[in-house]
Structure formats: structure tokens, C-alpha cells
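Spelled out, the chains give:
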Amino acid sequence: MKVLAYDPREDEFFIGASFAEFSALPEKYMTEEAKANIETFEIFIEEEEKRQKKALEQKDPFYFNYFDYIKNLYGTDVFPDICFRIGRGASVLEVMDYDFPFHHMWNAYSPWVKIKIVDIDDLAVLSTLECQRRTGPNV
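What comes next concerns the included structure. (Residues numbered from 1 in each chain as written. Predicted model: local features only at pLDDT ≥ 70, side-chain atom pairs only at ≥ 80, totals over all residues. Heavy atoms only, no water.)

### Some details on the environment of Ile82
By the element assignment, Ile82 lies in strand β3 (residues 82-87). Placed 16 residues apart in sequence, Ile82 and Tyr98 show a C-alpha to C-alpha distance of 7.3 Å. Residues contacting Ile82, with those up to four places away along its chain left out, are Ile15, Gly16, Ala17, Ser18, Phe19, Phe22, Asn37, Ile38, Phe41, Val95 and Tyr98. (Helix = DSSP H or I, 4+ residues; strand = E, 2+ residues; numbered from the N terminus. Contact = heavy atoms within 4.5 Å.)

### With respect to unusual backbone geometry
Unusually for a residue other than glycine, Asp11 sits at a positive phi of about 55°. You will see that Lys59, though not glycine, has its phi angle at about 50°, which is positive. The residue Lys59 is located in the loop between α2 (32-57) and α3 (66-74) in this model.

### Observations regarding the layout of surface pockets
Counted as a void, the largest pocket has a volume near 160 Å³. As for the largest pocket, its lining consists of 14 residues, and the residues nearest its centre are Lys2, Gly16, Ala17, Glu21 and Val78. Broken down by secondary-structure element, the contributors of at least two residues to the lining of the largest pocket are β1 (2-7) and β2 (12-17). Residue classes in the lining of the largest pocket are distributed as seven nonpolar, three polar and four charged. (1 Å grid on protein atoms, 1.4 Å probe; cavity = no way out; pocket = protein on both sides within 12 Å on 5 of 7 lines; lining within 4 Å. Points joined across faces, edges and corners; volume = space filled by probe spheres on them. Nonpolar A, V, L, I, M, F, W, Y, C, P; charged D, E, K, R; others polar.)

### Comments concerning the sheet that holds β3
In space, the five strands of this open sheet follow the order β4-β3-β2-β1-β5, with antiparallel pairing throughout. For this open sheet the edge positions go to β4 (94-96) and β5 (113-119), each flanked by a neighbour on one side alone. Ignoring which end each strand starts from, the neighbouring axes of this sheet average 30° apart. Judged from the four bridges that link them, β1 and β5 form a sheet pairing that is antiparallel. Each residue of the ladder has a partner; that of Lys2, found in β5, is Asp119. α2 contacts β3 and β4 of the sheet and is inclined by roughly 20° relative to β4. (Pairing = 2+ DSSP bridges. Axes fitted to C-alpha atoms, helices over the stretch in contact; angles between N-to-C directions.)

### Focus: α3
For α3, the set of buried residues is Tyr66, Phe67, Ile70, Leu73 and Tyr74. Angular distribution of buried residues about the axis of α3 spans 130°; they occupy a single face of the element. In this fold, the buried residues of α3 make contact with β1, β2, α2 and β5. With a side-chain oxygen positioned 3.1 Å from the backbone nitrogen of Phe67, the residue opening α3 is Asn65. Positive phi shows up at Gly75, right after α3, with a value of about 75°. (Buried < 20%, exposed > 50% of the residue type's maximum accessible area, 1.4 Å probe, protein only. Arc of directions from axis to C-beta. Polar contact = N/O pair within 3.5 Å; in protein donor to acceptor, adjacent residues only side chain to side chain.)

### Digging into the pairing of β3
Counted residue by residue, β3 has five buried out of six residues, so it is predominantly covered. With six bridges connecting them, β2 and β3 associate as antiparallel partners. Its bridge partner being in β3, Glu12 is matched across the sheet by Gly87. As defined by bridge partners, β3 adjoins β4 across three bridges and the pair is classed as antiparallel. Counterpart to Phe84 in the pairing with β4 is Val95. The loop that links β3 with its antiparallel partner β4 comprises six residues; one of these, Ala90, has a positive phi angle of about 50°.

Shown next as C-alpha cells:
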């Protein structure tokens, strides 16, 4: 799993994970809604892959590559299968859209900050995780 963004106001983390990593999370973090989201995200990725293939075959100059957009947004070379936010206390997670922290809905007032990506194996490490703001040309 990768910690992709941090909200210092709410002390929350935005995490990207593979379906295998997400499914392996302990039951205490899961809600029925979170479990149900796996299928929704699997369908989305499948449909986006079909759309991408068709656009490439047709050499569509207006094709917007969502996978690349998300990878560039967070500065990673891996597209997460599913994303969620969770507080430092790591109680219950909430599955969110891939671009939630920096979506246009915030109107430039997003409390989320881009951080240097941190790989984690266990959500328990969030209790002591220190985030470093990302700097550079793609911030």
C-alpha cells in the first residue's frame, strides 16, 4: 500500500492499494460498504482499459488517459486498484475516488497535501507516520 496524500487538518491519510492488499486488511477496518466497493472499482478499471485500448487503436487525439493522470497526480508509476482515507487512529476506512484529495470540487481549497509517497504493509504504522511534503515541478 502507498500513502499518497495527507490532510493535516483532520490528521487523515489517503492510501492507494492493490485489490489483494485491500482484501487482506483486517476486518476491524472494514465496513460492508467498503467491501462492496471492490467490485465497483474492478468494473471501472476494466471499462477504462477497454476505453484506452479503443482510443489507441483509433489513434484518438482527444483521448484523456485517466490512468496516467492519476499516476502523475501522485508521482507514482503504479495505478492503485482502490483508494481510501483513514485517520491516524486507524479506526474505519472510507473508500474514495482516485482523485478525491485534489478533485476540482475543492475549488483550490483542498486541505490535502501532496507528500513523498510512503510504502506501508500495515495500517498500524499510521499512528507514528511523519509525512514529508513533496516539492518539485509536479507539486
